[in-house]
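Next come the chains, spelled out residue by residue.
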Amino acid sequence: MIGVSGSSPLLASRLVAESFPLPGFVNAHSHTFQRALRGRAAGGDFWAWRENMLAEADRQTPELVRVSYETAYREMRAAGFTAVGEFHYLGLAEAFAAAEAASAAGIELVLLHAAYARGGLSRSRQETVRGYLAEVEALRDFGLRIGLAPHSVRACPADWLEQIGRYAEQAELPLHVHADEQPKEIEECQAEHGCRPIELLARTGCLGPRTTVVHATHADGAELDLLASTGATICACPTTEADLGDGFLPAERIRGRGIPLCIGTDSNVRIDPFEELRELEGIARRQTGRRGIFQTDELFRFGSELGGRALGLEKWAGIEIDLEHRSLHGVSSEHVAGALVAGCGADVVEKE
Ligand SMILES: [Zn+2]
């Protein structure tokens, strides 16, 4: 905000109106190394894309993470995200490198350390769940803010989920897990466990008010009821879900049940909180044929407060919007918040 002392009342009101403070946005789900994949022709469906993604993951080193994550975190910061949950499955040395990168870029980091029992890359896997929890302890002892992150019901068997759920509950830490992103994952879960992914998470004690289920794109009514009754949050990542051909978030059914929502940039094909929020409302409109499914202040809560809660954060920096930006010309002050969601990109955020 520009200082106004000594200005005429008219000039003062104009100067005051040049910027518009907002709570900083919270990016509750990022795999930052995947930013390198944007624009590459990378497979005809999610599973083919995943092969390219795993090849990119496998070439990561602590040095590369330190440099490339700082660049991407600076982009997030410039776009208005002042906190990020890094869902990390590249190894311990790379976790410390990510924390250094976040510190250098001036963004709050919560490291969501992934448990990976099977599939994927060997560098992502731990031999035992006890080994995984030892890694969690090492990161905590180092003073990093962390969360438990069983990667998915694909990557973690039921006994791992039970122990991780218990640990998160006792330590009062966030628990983040991917679920229901793709139909094939649901079919495999039904074949192995006789139930759907979010039902398995409930059965193994992984659902509660500190739980965030990432995607929930194909969650059915019973699964959404479980999320609502346990107080769990859904992290939607609409630009990534579009890019990967995942499907549409069941937006209105989520809202009808009062399930908290937050947003993430996930594969970082785009880094723009306004675009993620606009997509949430856009998906709801396309699905229902109606407008205003989510209120503007509700969308801003998803983008900030509920993301912070999902990461277990109490505070993170605020931002200012440049009211002189060309995309806000002619917008009256009472319509600025709505115009930000409806028609602006992240370049309206004032530079530090
Ligand atoms: Zn993810």
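Residues numbered from 1 in each chain as written. Predicted model: local features only at pLDDT ≥ 70, side-chain atom pairs only at ≥ 80, totals over all residues. Heavy atoms only, no water.

Regarding the coordination of the zinc ion
And step 1. H29 (NE2), H31 (NE2) and H178 (NE2) make up the full set of protein donors to the zinc ion, lying at 2.0 to 2.2 Å.
And step 2. Sequence spacing of the donors to the zinc ion: H-x1-H-x146-H. You can see H31 sitting in the loop between β2 (25-30) and α2 (46-58) and its partner H178 sitting in strand β6 (residues 175-179), a full 147 residues away along the chain. The same class applies to H31 as to H178, namely buried. (Donors = N, O, S within 2.8 Å, 3.2 Å for Na, K, Ca; no water. Helix = DSSP H or I, 4+ residues; strand = E, 2+ residues; numbered from the N terminus. Buried < 20%, exposed > 50% of the residue type's maximum accessible area, 1.4 Å probe, protein only.)

Quick look at the pattern of salt bridges
And step 1. A full pass over the atoms with the stated rule returns 20 salt bridges.
And step 2. Between R118 and E192 there is a salt bridge; the shortest N-O distance is 3.0 Å. With R118 in the loop between β4 (108-115) and α5 (129-141) and E192 in helix α7 (residues 183-193), this residue pair connects regions lying 74 residues apart in the sequence.
And step 3. On the basis of relative accessible area, R118 is assigned to the partly exposed category, the value being 28%.
And step 4. Assessed through its relative accessible area of 44%, E192 is described here as partly exposed.
And step 5. Residues D272 and R270 are paired through a salt bridge, measuring 3.6 Å at the closest nitrogen-oxygen approach.
And step 6. Residue classification places R270 among the partly exposed residues on the basis of a relative accessible area of 37%. (Salt bridge = Lys/Arg side-chain N within 4 Å of Asp/Glu carboxyl O.)

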